[in-house]
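# Commentary on secondary and tertiary structure
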Amino acid sequence: MSEAPKNESVDVVVVGAGIAGLHAATTLETAGRTVAVLEARDRVGGRLFSVDGLDLGATWFWPNEPRIVKLVAALGLKANGQYRSGDAMYQDPARVERLQGNPIDVESNRFSGGAQLVADVLAARLRPGTVRLEDPVLAISVGSDHLRVISRRGHLQADHVILALPPVLAESKIEFSPDLDSALRSLARQTPIWMGATAKAVIHYSEAFWREDGLSGSAISHLGPLREMHDMSGEGGSPAALFGFTTGTETGPTDLTEQGILWQLEALFGPRAAQPERIIIQDWSREEFTSPPGASRLNRHDLFGHRLYGEASMEGRLHWASTETAPAFAGHIEGALIAADRAVAAILGGAS
């Protein structure tokens with residue numbers, strides 16, 4: 001992965017090296033197009049973010065999602081089912097209660113080795129130099145027969161641009177010339193960011209002790225700070241981990257502290273829960289390249305997959321491809337793949 005050359009011309013610029021952007025780039029390169037993927041972060045994956053195989057972002061995919069199931073198989077990766085055996089816990093301000101069985105979890109899969117591995121493998125298969133890290137896009141403008149993309153490290157010309165990042169982030173970070181249509185800009189400003197108001201904590205233990213106690217590791221809480229919890233252990237219970245998340249309120253993000261998490265875990269799962277090896281907290285509402293200021297308060301989830309996101313703008317050369325723009329499975333990895341496939345289809349169907 002290298003810096004972008006000055007004044008380069010490619011067929012397609014992809015903005016964002018999350019799963020949507022990398023999938024789009026892979027498909028386009030396979031079709032013989034030249035691609036540059038510009039990523040603001042110092043890593044690929046976007047909201048697919050794992051530390052030592054423990055997911056701090058996207059975690060699950062489901063059996064009824066054919067694109068991600070097919071992709072995992074095509075990349076030679078492995079998945080394991082979400083652990084669901086045993087009882088769940090319930091907490092409210094008045095009590096802690098052990099539920100009979102586990103009414104919280106459903107059949108789902110997790111990525112062995114962490115979700116970010118999917119992005120890492122996809123990026124590694126692209127042509128050398130395709131992905132350019134720490135290179136945020138600053139402006140996109142219409143030229144005579146192309147789009148001009150100005151990034152931190154250079155200028156590129158492209159027949160098409162794919163915006164594989166949350167619409168409100170693109171709207172707030174990128175200068176468009178001419179400006180986006182007023183209806184489209186208004187839509188982008190109001191569309192929530194999947195996980196944009198979410199803070200997630202992963203609690204790593206030496207062993208999955210809750211399983212010995214006949215517990216699934218799942219819990220629902222109306223007290224907090226974590227509102228929902230699940231088992232995140234690897235195959236056979238190693239590495240052993242629980243994870244939970246909370247969402248912001250109308251006044252802004254909800255703070256997560258290790259002390260508050262430990263108090264809650266001990267109340268739910270007993271004294272051993274207060275002795276983890278480590279706690280990792282990821283607050284997506286404070287991620288510069290996920291959530292611009294105020295984005296955690298957006299709540300119009302009915303705008304996910306809006307029809308305007310399926311229409312190319314800037315003379316038919318600008319395409320939307322984040323999970324928020326998908327007409328189905330919006331908010332899921334599957335949705336990101338659907339949106340990417342739609343953008344690629346529009347380019348391959350209309351580009352020379």
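Please read these numbers as outputs of a predicted model, since none were measured by experiment. (Residues numbered from 1 in each chain as written. Predicted model: local features only at pLDDT ≥ 70, side-chain atom pairs only at ≥ 80, totals over all residues. Heavy atoms only, no water.)

### Observations concerning the pattern of salt bridges
Tallied over the entire structure, the rule returns 18 salt bridges. A salt bridge links Glu171 to Arg189; its shortest N-O distance comes to 2.7 Å. On the criterion of sequence distance, the pair formed by Glu171 in helix α4 (residues 167-173) and Arg189 in helix α5 (residues 182-190) is long-range, its members being 18 residues apart. Classification of Glu171 by relative accessible area gives buried; the value is 10%. We classify Arg189 as partly exposed; its relative accessible area is 48%. Sharing partners across several salt bridges, the network here consists of Glu171, Asp179, Arg185 and Arg189. (Salt bridge = Lys/Arg side-chain N within 4 Å of Asp/Glu carboxyl O. Helix = DSSP H or I, 4+ residues; strand = E, 2+ residues; numbered from the N terminus. Buried < 20%, exposed > 50% of the residue type's maximum accessible area, 1.4 Å probe, protein only.)

### Overview of the nonpolar core
Counting residues in hydrophobic clusters, the biggest one holds 41 residues, and the most contacted among them are Ile19, Leu22 and Ile162. Of all the secondary structure elements, the ones that give two or more residues to this core are β1 (8-15), α1 (19-30), β2 (35-38), α2 (66-74), α3 (116-125) and α8 (333-350). Among the elements that line this core, the one with the most residues is α8, at 8 residues. Beyond its immediate sequence surroundings of up to four residues, Ile19 is in contact with Gly45, Leu48, Leu71, Val118, Leu122, Ile333, Ala336 and Leu337. If you look at the next biggest cluster of nonpolar residues, it comprises 28 residues, including Leu147, Ala158, Val161 and Ile174. (Core = buried A, V, L, I, M, F, W, Y, C linked by side-chain atoms within 4.5 Å. Contact = heavy atoms within 4.5 Å.)

### Observations concerning the packing of α1 against α3
At a minimum axis distance of 10 Å, the contact between α1 and α3 shows a crossing angle of 30°. Classed by the angle they form, the pair α1 and α3 counts as roughly parallel. Both α1 and α3 take part in a crossing whose hand is left-handed. Contacts from Ile19, Leu22, His23 and Thr26 in α1 reach Val118, Ala119, Leu122 and Ala123 in α3. Partitioned by chemical class, the residues of the contact of α1 with α3 number 6 nonpolar, 2 polar and no charged. (Axes fitted to C-alpha atoms, helices over the stretch in contact; angles between N-to-C directions. Parallel < 35°, antiparallel > 145°, perpendicular 65-115°, else oblique. Left-handed = near helix turned anticlockwise from the far one by under 90°. Nonpolar A, V, L, I, M, F, W, Y, C, P; charged D, E, K, R; others polar.)

### So, the packing of aromatic side chains
Aromatic ring pairs are described here by two measures, namely the spacing of the ring centres and the angle between the planes. The full count for this structure, using the stated rule, is 9 aromatic pairs. Between the aromatic rings of Trp60 and Phe243, the centroid separation amounts to 5.5 Å while the plane-to-plane angle is 55°, which identifies the pairing as tilted. With a gap of 183 residues between them, Trp60 in strand β5 (residues 60-61) and Phe243 in strand β18 (residues 240-247) connect regions that are remote in the sequence. Residue Trp60 is classed as buried on the basis of its relative accessible area of 18%. Every member of this aromatic cluster is reached through a ring pair, and the members are Trp60, Trp62, Phe243 and Phe245. One Lys or Arg, Arg211, reaches over the ring of Tyr83 and ends 3.7 Å from the middle of that ring. (Phe/Tyr/Trp six-rings, centres within 6.5 Å; stacked < 30°, edge-to-face > 60°. Lys NZ or Arg CZ within 6 Å of the ring centre and 35° of its normal.)

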